[in-house]
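These are the residues of each chain, in order.
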Amino acid sequence: MKPSPFLRTSARLLTALALAFTAACSDDGDDNKPDAGTNPDAGTTTPMYAFVAQVNVDNASTSYVVLTETLDPATPLSLTNATQINGRALGSGISKTGSIFVSSSAGATVTRYNLTASNTLEKAGEVSFASKAVTTIGEYQNQFQFVSETKAYYFDGRNSQIIIWNPKDMTLTNSISLPEMTIAGSTLTFASNPLRVGTKVLMPLGWRAGAAVTRQAGIIVVDTTNDSAVVVKDDRCGYVRDGIVGTDGKVYLATEAYGAAEKRVSGSNPSVPTPCLLKFDPATNTYDKDFFKELSTLTNGGATGSLLAAPNGTGYLRVLDETAYPVQADTVARTLASAVAWKWWKIDPAAGTNATLVDTLPASTGSSFLYEMNGRTVFSEFTNNSGTTNYRELTDLTGNLVATHQGLSFSFLQLR
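On a predicted model such as this, the values are computed, not experimentally measured, just so you know.

Caption draft 1: Broad picture of the pairing of strand β18 (residues 242-245). Of the two faces of β18, the one holding Asp 242 and Ile 244 and the one holding Gly 243 and Val 245 are both buried throughout. Relative to strand β19 (residues 251-254), β18 runs antiparallel, the two sharing four bridges. In the sheet register, Asp 242 faces β19, and the bridge partner there is Ala 254. Here β18 folds back onto β19 in antiparallel fashion, the turn holding five residues, of which Gly 249 has a positive phi close to 85°.

Below you can see the structure in the form of C-alpha cells.
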C-alpha cells in the first residue's frame, strides 16, 4: 500500500490501450516515430524490463532503475549496476518504446532515458515543471499518463492542476487548473490504476484528514481531444480510489483497502465512511444516484476494499482474512491494509451478483499495482516490513512469484 503507478487495468483493457498507443504513435507519419536510439533492438524478441526500487536508509530515500532481460524469482534483482536517483523516483512511459521518463521527490525535473544498443540507459533530455510551481514529484507512476509520443499529462495534487507536456521534445505545453481537487483540511491521493475510456483519462481520487478517511468520492475526467477536464464528486462514501470498466461500459468505483482497514479498526464509529461501490457513467460524467453497495455485503461480511480489473469487464475485490492477520484493539489501519492477509474475490459488478473467492490466489497486501509484463498481468506486493517488493502472476490466477527486489517499487516499465 502506500505504501498508500501505469495504465494496467485488465487483460482486455491492457490490450486495447496497447493498440491505442500504437495508433497514437503512428497517426502523424515520421514525426511521431521513436527517435534514433529509442528502440535500438526493435528486431529482437528479448524483452527488457525496467524496475524502479526505492530504498530507505536513516529516513533518506535513494532509488535505483534496474534493467534486466531475465526474470528469476529465486534470485532478487541486483541494485549494484542500476542507475541511481536521489529521493523516491518514478519511472513512466509507453511500454516497449525504448524510453523511460524518470522523476523524483528530490525535485521538479523529468529526465528521459533511452535504451541503447548495449542495453544501458542514456540521458536524452530533461524538462522541469518548476515554472508550474512544482517542487517535488511523488506518489505514483500513473500520475503520468501518456496520450501519444508527443503529449502526456502529469496529475499534480499539491498544486491542484494537470500539467501537459511533450515527451518527445521534453517541453511544457500547458496546464489545467482544477481547484476542485482541494478539500480544506484533507490530503489528496490519486488512484494507483487510473482508467482509459475512449479518448478520456479517468483518475479516481481519495482524501484523508490525517489518518481519517474524508467522506468524499471524486474522479477527474480528462478529454484528451481538447485537454478539458472536470472533477466530479459524490459524498456517499470515501477513499474511492479504485475502479474498473464493467461489461456494461459503466465505470465501477470502490473504496480502497486503506478505507476498509480504517472502518474495520474503528468498530461502530459512525464518522468513518462505510466502504462502498459506486457506478459512474463516463459518457455523461455522472454518478448513478440509485446505485450504492456496501462492499462487505458482496463478500459475506468481510472487510472489503480495492477493486482491480480482471478480464472482460470483471474485477477483483480484496477481502481481509482475519485468520491470517487477527484484528486487535490496538491494530492500526495502515498496518492492517499493508498486511499480507487480503484475499482475492472475483466480481462482475454489472451483473449485480456477489463476489466469489479465487482460492488459487494467495493472500497479499491490500493495495496492489497492476503491470503488464510481456503480455501478462502481474501485481506487486510489499513484504519484509516494506523492505522488499514482489511481483506475482495474476493472469493465470496462481500468484506465482515472477520477480523480487530490495526496497519498495511504485514503478515498472517494459522497455522492449
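Now, onward.
Caption draft 2: The sheet that holds strand β8 (residues 144-148), seen in detail. Strand order in the open sheet formed by four strands is β8-β9-β10-β11, and the pairing between neighbours is antiparallel. Where the open sheet ends on each side, the last strands, each with one partner, are β8 and β11 (171-177). Averaged over all neighbouring strand pairs, the angle between strand axes comes to 20°, with direction disregarded.

Caption draft 3: Structural context of the packing of aromatic side chains. Here the structure, examined in full by the defined rule, presents 24 aromatic pairs. With a centroid separation of 6.1 Å and an interplanar angle of 65°, the aromatic rings of Phe 155 and Phe 190 are classed as edge-to-face. With a gap of 35 residues between them, Phe 155 in strand β9 (residues 151-156) and Phe 190 in strand β12 (residues 187-190) connect regions that are remote in the sequence. Assigned by exposure class, Phe 155 and Phe 190 land together as buried. By way of ring pairs, the aromatic residues Phe 101, Phe 129, Phe 144, Phe 146, Tyr 154 and Trp 165 are connected into one cluster. Over the face of the ring belonging to Trp 344 we find Arg 318, whose NZ or CZ atom lies 3.8 Å from the ring centre.

Caption draft 4: Looking closely at the side chain of Ser 148. One can find Ser 148 in strand β8. Residue class for Ser 148 comes out buried when judged on its relative accessible area of 10%. For Ser 148, the side chain forms a polar contact with the main-chain nitrogen of Thr 150, separated by 3.1 Å.

Caption draft 5: Here's a closer look at unusual backbone geometry. Positive phi outside glycine occurs at Ser 306, with the angle close to 75°. Within the fold, Ser 306 resides in strand β23 (residues 304-309). Classification of Ser 306 as buried rests on a relative accessible area of 1%. Positive phi values are uncommon outside glycine, yet Asn 385 reaches one of about 55°. In this fold, Asn 385 is placed in the loop between β28 (376-383) and β29 (388-393).

Caption draft 6: Layout of the pairing of β28. When you tally the buried positions in β28, you get seven out of eight residues, the bulk of the element. Turn length for the strand β27 (residues 370-373)-β28 hairpin, with the two strands adjacent in sequence and antiparallel, is two residues, and the turn residue Asn 374 shows positive phi of about 55°. Bridge count between β28 and β29: six bridges; the pairing is antiparallel. By the bridge assignment, Val 378 is partnered in β29 with Glu 393. Here β28 folds back onto β29, and the loop between the two strands holds four residues, one of which, Asn 384, carries a positive phi near 55°.

Caption draft 7: Structural detail: the sheet that holds strand β30 (residues 401-406). Across the sheet, four strands lie side by side as β27-β28-β29-β30; this open sheet has antiparallel pairing. Lying at the two open borders of the sheet, with one neighbouring strand each, are β27 and β30. For this sheet the average axis-to-axis angle between neighbouring strands, irrespective of direction, equals 30°.

Parameters at a glance
- Residues numbered from 1 in each chain as written.
- Predicted model: local features only at pLDDT ≥ 70, side-chain atom pairs only at ≥ 80, totals over all residues.
- Heavy atoms only, no water.
- Buried < 20%, exposed > 50% of the residue type's maximum accessible area, 1.4 Å probe, protein only.
- Helix = DSSP H or I, 4+ residues; strand = E, 2+ residues; numbered from the N terminus.
- Pairing = 2+ DSSP bridges.
- Axes fitted to C-alpha atoms, helices over the stretch in contact; angles between N-to-C directions.
- Phe/Tyr/Trp six-rings, centres within 6.5 Å; stacked < 30°, edge-to-face > 60°.
- Lys NZ or Arg CZ within 6 Å of the ring centre and 35° of its normal.
- Polar contact = N/O pair within 3.5 Å; in protein donor to acceptor, adjacent residues only side chain to side chain.

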